[in-house]
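# Working through the structure, step by step
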Amino acid sequence: MNLPLWLRAAVLSVALFAVFLLTWHVATRGAGPVAQMDPEYAKLVGATASQGKSAMPGPLEVGAKIWEHVKRPFYDNGPNDKGLGIQLAYSIARVAAGYLLAVAVAIPVGFLIGMSPLMSRALDPFIQVLKPISPLAWMPLALYTIKDSSLSSIFVIFICSLWPMLINTAFGVAAVRKEWLDVARTLEVGVFRRAFTIILPAAAPTILTGMRISIGIAWLVIVAAEMLVGGTGIGYFVWNEWNNLSIANVITAILVIGLVGMVLDQLLARATKLVTFPE
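The text that follows walks through the structure, step by step, so that each part is easy to find. The structure presented is a predicted model; accordingly, all values stated were derived computationally and were not measured. (Residues numbered from 1 in each chain as written. Predicted model: local features only at pLDDT ≥ 70, side-chain atom pairs only at ≥ 80, totals over all residues. Heavy atoms only, no water.)

### Here's the deal with the packing of helix α5 (residues 84-115) against helix α11 (residues 234-243)
The geometry of α5 relative to α11 is characterised by a closest axis approach of 7 Å and an angle of 135 degrees between their N-to-C directions. As the angle between them shows, α5 and α11 are arranged oblique. Contacts from L84, Q87, L88 and S91 in α5 reach I234, G235, Y236 and F237 in α11. Along the lines of polarity and charge, the residues of the contact of α5 with α11 split into 5 nonpolar, 3 polar and no charged. (Axes fitted to C-alpha atoms, helices over the stretch in contact; angles between N-to-C directions. Helix = DSSP H or I, 4+ residues; strand = E, 2+ residues; numbered from the N terminus. Parallel < 35°, antiparallel > 145°, perpendicular 65-115°, else oblique. Contact = heavy atoms within 4.5 Å. Nonpolar A, V, L, I, M, F, W, Y, C, P; charged D, E, K, R; others polar.)

Here it is, written out as structure tokens:
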């Protein structure tokens, strides 16, 4: 019986996940001798360590914690105790704001660079100097000038999202077939009409690939940025739960970060397929 490739891949994925869960469960079941220690120190290291159990929670404990968050994702018990849904909403809002600002700048400037060899050569030194700078290196400067942690996080997302989109847009525009542009000039098609009817459809797959790369980087950076500035967000949630020695919550947040990142990536991957046509 010859099963389709997608079904075989799904079965293999489920099997690998089951093996991972079983290995995780077995690895965290081990117990050692009960340690006699000062009660205050026992609180610091956690109850599991003082009782001789593994400090790493098993899949069942993490699953129970995930279910708790699913049941109450939006509770608000004060500044340091908000539901995972609220923290995730803050992070997504910051990423969306910074990312959309980057789209508004990167695509027009990328078009300009791709269509004008003069602008390409003039702006290239600035791009090559600024592109390798870590986005988090901008955070102290942003906090000093903007004086708002949330806006500073949005600025950092803007910076890290800008370069992949800008470079891919410029490359896609510059790579449009010269024959198509020559035909447009022969037909006396104006610059703006040429940009929207010929260059944009031809460069769209490359532009969206840059946008897909940018959203992945933005989602990576927001977690680190929120760990630095604190307050709200999924990054702050991870750091706060680590300070509370709640490893189950940390693992839960890591899984949520991965799932949201996958969803964002797949949305742009689908959009890329929609604008890709065989020549």
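Now that the structure has been shown, we can carry on.
### What to know about the side chain of T169
Relative to the helices and strands, T169 is located in helix α8 (residues 149-174). What makes T169 buried here is its relative accessible area of 0%. The residues contacting T169, other than those within four sequence positions of it, are A106, I107, G110, F111 and I207. (Buried < 20%, exposed > 50% of the residue type's maximum accessible area, 1.4 Å probe, protein only.)

### Section: unusual backbone geometry
Of note, K147 is a non-glycine position whose phi angle comes to about 60 degrees, a positive value. Relative accessible area serves as the criterion here: at 65%, K147 is assigned to the exposed category. Of note in the backbone geometry, L245 takes a positive phi value of approximately 55 degrees without being a glycine. Relative to the helices and strands, L245 is located in the loop between α11 and α12 (247-274). Owing to a relative accessible area of 37%, L245 belongs among the partly exposed residues under this scheme.

### Considering a nonpolar patch on the surface
Judged by side-chain polarity, M115, V191, F192, F196 and L200 come together as a nonpolar surface patch covering roughly 520 Å² of accessible area. For M115, the position within the fold is in helix α5. (Patch = residues over 30% accessible without salt bridge, like charges linked within 9 Å, V, L, I, M, F, W, Y side chains within 5 Å. Areas by Shrake-Rupley, 256 points an atom, 1.4 Å probe, with all protein chains shown as cover. Salt bridge = Lys/Arg side-chain N within 4 Å of Asp/Glu carboxyl O.)

### Brief notes about the nonpolar core
Ranked by internal contacts, the top residues of the largest apolar core, which has 50 residues, are V95, Y99, I157, M165, M211, W219 and I234. At the level of secondary structure, the elements contributing two or more residues to this core comprise α5, α8, α9 (178-186), α10 (191-229), α11 and α12. The element best represented in this core is α10, accounting for 14 residues. Residues in contact with M165, not counting those within four places in the same chain, are Y99, A102, V103, A106, G210, M211 and S214. (Core = buried A, V, L, I, M, F, W, Y, C linked by side-chain atoms within 4.5 Å.)

### Comments concerning the packing of α5 against α10
Contact pair α5 / α10: the axes reach a minimum separation of 8 Å and the direction vectors enclose 145 degrees. For the pair α5 and α10, the sense of crossing is right-handed. By residue class, the composition of the contact of α5 with α10 is 19 nonpolar, 2 polar and 3 charged. (Left-handed = near helix turned anticlockwise from the far one by under 90°.)

Bear in mind that shape data such as this cannot, by itself, settle questions of function.
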